[in-house]
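# Structure assessment
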Amino acid sequence: MSSSSFLSSAAFFTILLVLHPGFCHVSDGAQHATYIVHMAQSQMPSGFDLHSLWYDSSLRTVSQSAQLLYTYANAIHGFSTRLTPEEADSLMTLPGVISVLPEHRYELHTTRTPLFLGLDVHNADLFPETGSSLDVVVGVLDTGVWPESKSFSDVGLGPIPSTWRGGCEAGTNFTASLCNRKLIGARFFARGYEATMGPVDESKESRSPRDDDGHGTHTSSTAAGSVVEGASLFGFASGAARGMARRARVAVYKVCWEGGCFSSDILAAIDKAIDDNVNVLSMSLGGGTSDYYRDSVAIGAFAAMERGILVSCSAGNSGPSSSTLSNVAPWITTVGANYSGVSLFKGDPLPDKMLPFVYAGNASNAANGNLCGPGTLIPERVKGKIVMCDRGVNARVQKGEVELVADAHLLPATAVGEKAGDIIRHYVLTDPNPTASVLIRGTVVNVQPSPVVAAFSSRGPNSITPDILKPDLIAPGVNILAGWTGSKGPTGLASDARRVEFNIISGTSMSCPHVSGLAALLKSVHPEWSPAAIRSALMTTAYKTYKDGKPILDVTTGKPSTPFEHGGTALMATASDQSGTYLRSNDGGLLRLPLSVSRRNYTCDPSKSYSVADLNYPSFAVNVDGSGVFKYTRTVTSVGGAGSYSVKVNSETTEVKISVEPAVLNFKEINEKKSYTVTFTVNSSKASRSNSFGSIEWSDGKHVVASPVAISWT
């Protein structure tokens, strides 16, 4: 069955996604808060044999009662602890202390896709399933794992890789014996969470790697789950469920709890994952934006990148507004979501007739009754009717539940986009006797056009580093079937007593592990490739049009999407067979990173000028404030051997002239490097000062290596 399917119905009932919350600083209300302390490792006094002893001594200087929550050796050099603001200020004055930053709370960004992306039997030679492919380890930072899921079966797998240094931690409802040759690592990190929120409530969630939420099991099985035949959710999306890198090993790091994901725990998990020797890190969490030196995900990801670990993160679910991206650091692969579908309901169908139709705002006495929040609808006004709910605040499935005090909806329901929603709302508010029906058509395949950019997927431009184009690419993120926890029903609601082995959920959380898994496949084929090389291969070989040559659409507007929505565009699985990988040098813009991120001092050559444009990034974000000439140099490496590549410039504007020199790159052998310069010439007197987009494509007549271009006025 085609994996480009989606779940379709006549769209008469509007339930849309809840916007993702931003960063929240959490304190205990007693003046104490958790701080992450970055130390200059090289400045440890000679009187200390261990850095941990130096850290403890420094802490004792400002507080006799404070305890070390964690000490960090890989993700950062330093520790985390609980302090008053005054103690934190005093600690900052001590020798060797780089920064003392308050902790932040992050949130989660909440089988058919491998075939949709081209990972079928015809690509067996592209991604072999023996040798190095069995040694790649995907680390997942999330809500843990349900180890009994068939997605973590180790049937057919050989011994655990000899390079693996991790382990399995026992805890509530979890023993080390639950790990196997597939699930080779499972750890949990709760000290930061408990320091702020109090002890984990073990009546609600397990103080162990066990996943009582479902999110972590879903993301990890999407990235690297084993093949499970006959998988479905109530018969929807029936077929074989499999992860992107189905033969890779999985290591799970539980950092997210009911109260959120705390940065001290996240750093500890990254620190341990680096030490365990994972090859890929997948993090479907984030929130808002923050300067890199304050963003624990960015800081930890930089350390992982330096160890050769690709870090893939979700872009966030705050679309369709602009500049809403999370995880925008240039060393992170930032993944948005594409869409192909709309409702999950398995129960008694509606009567075969049109039913009375009412707008929720007219069936409630609450100020926000249009959102269908719990207890806001007047039963007499909605009984026996179809109710239209607006997007916002509460979960979509709750909007369906409130009608009974009683997606995988509990009632017949579906979701529509903004354009259709406006038309439907106008109809229900103006027609004297509106009627509607919801027709559940089951699993529908070969829907066109597919994919399109999901409405919830966060958008650029990059608000922290505008000269770096984000997101990097989009991947399937809507109605994704993958493994699920045995602790919760498919809706996650307390009232849902159903239990399933697989669930279908949506979000950039689901997009991220698709990229993580495909990165693991590329790492298995090209173990020598750096994280930057893997990302550039994914980005520059992503497809940008449908088979008919028309551009990929944005579901919000129905118009062609732009690189601010789709980055390098939609993920595909032929990247390792393409030529023209960009390799990022570790000079240039990276020299300007704060010491808390880089963890060491750099010496800049005073005779050179440095810019973010020096980064060998596989895309172009040009920010102009008037007439001028902007030059960018990129270096590409042939991974396909000898060949001659000619350039083609695509641009939707004549106001900015784009030229490339040289126009032809001739490669004589594999791994040969060639550089080219792109010049953007702007004439402000002719410019409309609106964003414009394009691409720079290199082709040998068979392969195309493309870099997206975004031109913005500041």
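Residues numbered from 1 in each chain as written. Predicted model: local features only at pLDDT ≥ 70, side-chain atom pairs only at ≥ 80, totals over all residues. Heavy atoms only, no water.

### Let's talk about the overall build of the protein
When you go through the protein residue by residue, the secondary structure sums to 14 helices and 34 strands. Across the 714 residues of the protein, 59% fall into the buried class. As displayed, the protein has an accessible area near 27,200 Å², and 52% of this comes from carbon and sulfur atoms. (Helix = DSSP H or I, 4+ residues; strand = E, 2+ residues; numbered from the N terminus. Buried < 20%, exposed > 50% of the residue type's maximum accessible area, 1.4 Å probe, protein only. Areas by Shrake-Rupley, 256 points an atom, 1.4 Å probe, with all protein chains shown as cover.)

### Looking at helix α1 (residues 51-62)
Compared with an ideal rise of 1.5 Å per residue, which puts 12 residues at 16 Å, α1 spans 18 Å between its outermost C-alpha atoms and is within 8% of the ideal. Buried residues belonging to α1 abut β2 (33-39), β3 (68-72), β4 (78-83) and α2 (85-92). (Expected span 1.5 Å × (residues − 1). Contact = heavy atoms within 4.5 Å.)

### Regarding the packing of aromatic side chains
All told, the structure shown has 15 aromatic pairs when counted by the stated rule. Here the basic side chain of Arg210 rests over the ring of Trp146, its NZ or CZ set 4.5 Å away from the ring centre. (Phe/Tyr/Trp six-rings, centres within 6.5 Å; stacked < 30°, edge-to-face > 60°. Lys NZ or Arg CZ within 6 Å of the ring centre and 35° of its normal.)

### Overview of the UniProt feature "active site" (unreviewed entry) in the protein
UniProt's feature table lists "active site" (unreviewed entry) at Asp142, His215 and Ser509, given in the numbering used throughout. Locating Asp142 in the fold gives a position in strand β7 (residues 137-142). Each residue touching Asp142, except ones within four places of it in the same chain, is listed here: Leu108, His215, Gly216, Thr219, Tyr253, Lys254, Val255, Cys256 and Ser284. At 3.1 Å, the side chain of Asp142 forms a polar contact with the side chain of Thr219. One polar contact links His215 to Asp142, side chain to side chain, over a distance of 2.7 Å. (UniProt positions renumbered as here; feature names shortened; annotations may be inferred. Polar contact = N/O pair within 3.5 Å; in protein donor to acceptor, adjacent residues only side chain to side chain.)

### Some words on α2
Listed as buried for α2 are Glu87, Ala88 and Leu91. Take α2 and look down its axis: the buried residues cluster within an arc of 100°, on one side only. What points out from α2, more than 90 degrees from its buried face, is the exposed set Glu86 and Asp89. On its buried face, α2 is in contact with β2, α1, β4 and β5 (97-102). (Arc of directions from axis to C-beta.)

### Brief notes about the sheet that holds strand β20 (residues 435-436)
Ordered by their spatial adjacency, three strands build an open sheet running β19-β18-β20, and the pairing between neighbours is mixed. The sheet terminates laterally at β19 (386-388) and β20, the two strands that pair on one side only. Where strand β18 (residues 355-359) meets β19, three bridges bridge the pair, whose relative direction is parallel. Each bridged residue has a counterpart across the sheet, and for Tyr359 the counterpart in β19 is Met388. (Pairing = 2+ DSSP bridges.)

### Notes on the sheet that holds β4
Strand order in the open sheet made by the four strands is β3-β4-β2-β5, with antiparallel pairing throughout. Looking at strand neighbours, the two that pair on one side only are β3 and β5, the edges of this open sheet. Strand-to-strand twist across the sheet, computed as the mean angle between neighbouring axes with direction ignored, equals 20°. Sheet topology places β2 next to β4; six bridges connect them, and they run antiparallel. Looking at the pairing, Val37 lines up with Phe79 of β4. Most of the contacts of helix α6 (residues 263-276) go to β3, to which it runs at about 35°, and overall it touches β2, β3 and β4. (Axes fitted to C-alpha atoms, helices over the stretch in contact; angles between N-to-C directions.)

### Points about the state of the cysteines
Here the structure, examined in full by the defined rule, presents three disulfides. What pairs with Cys168 in a disulfide is Cys179, and their sulfur atoms sit 1.6 Å apart. What sets the handedness of the Cys168 and Cys179 disulfide is the S-S torsion sign, and at about -100° it is left-handed. Residue Cys168 is located in the loop between β7 and β8 (183-188), and its partner Cys179 is located in the loop between β7 and β8; the two are separated by 11 residues in the primary sequence. (Disulfide = S-S within 2.5 Å.)

### Observations concerning the pairing of strand β29 (residues 643-651)
Put simply, side chains in a regular strand alternate between the two faces of the sheet. Relative to strand β31 (residues 664-667), β29 is paired through four bridges, and the arrangement is antiparallel. Within β31, the residue paired with Tyr645 across the bridge is Leu665. Sheet topology note: the β29/strand β33 (residues 692-699) ladder contains six bridges and is antiparallel. Across the sheet, Val647 pairs through a bridge with Trp698, a residue of β33.

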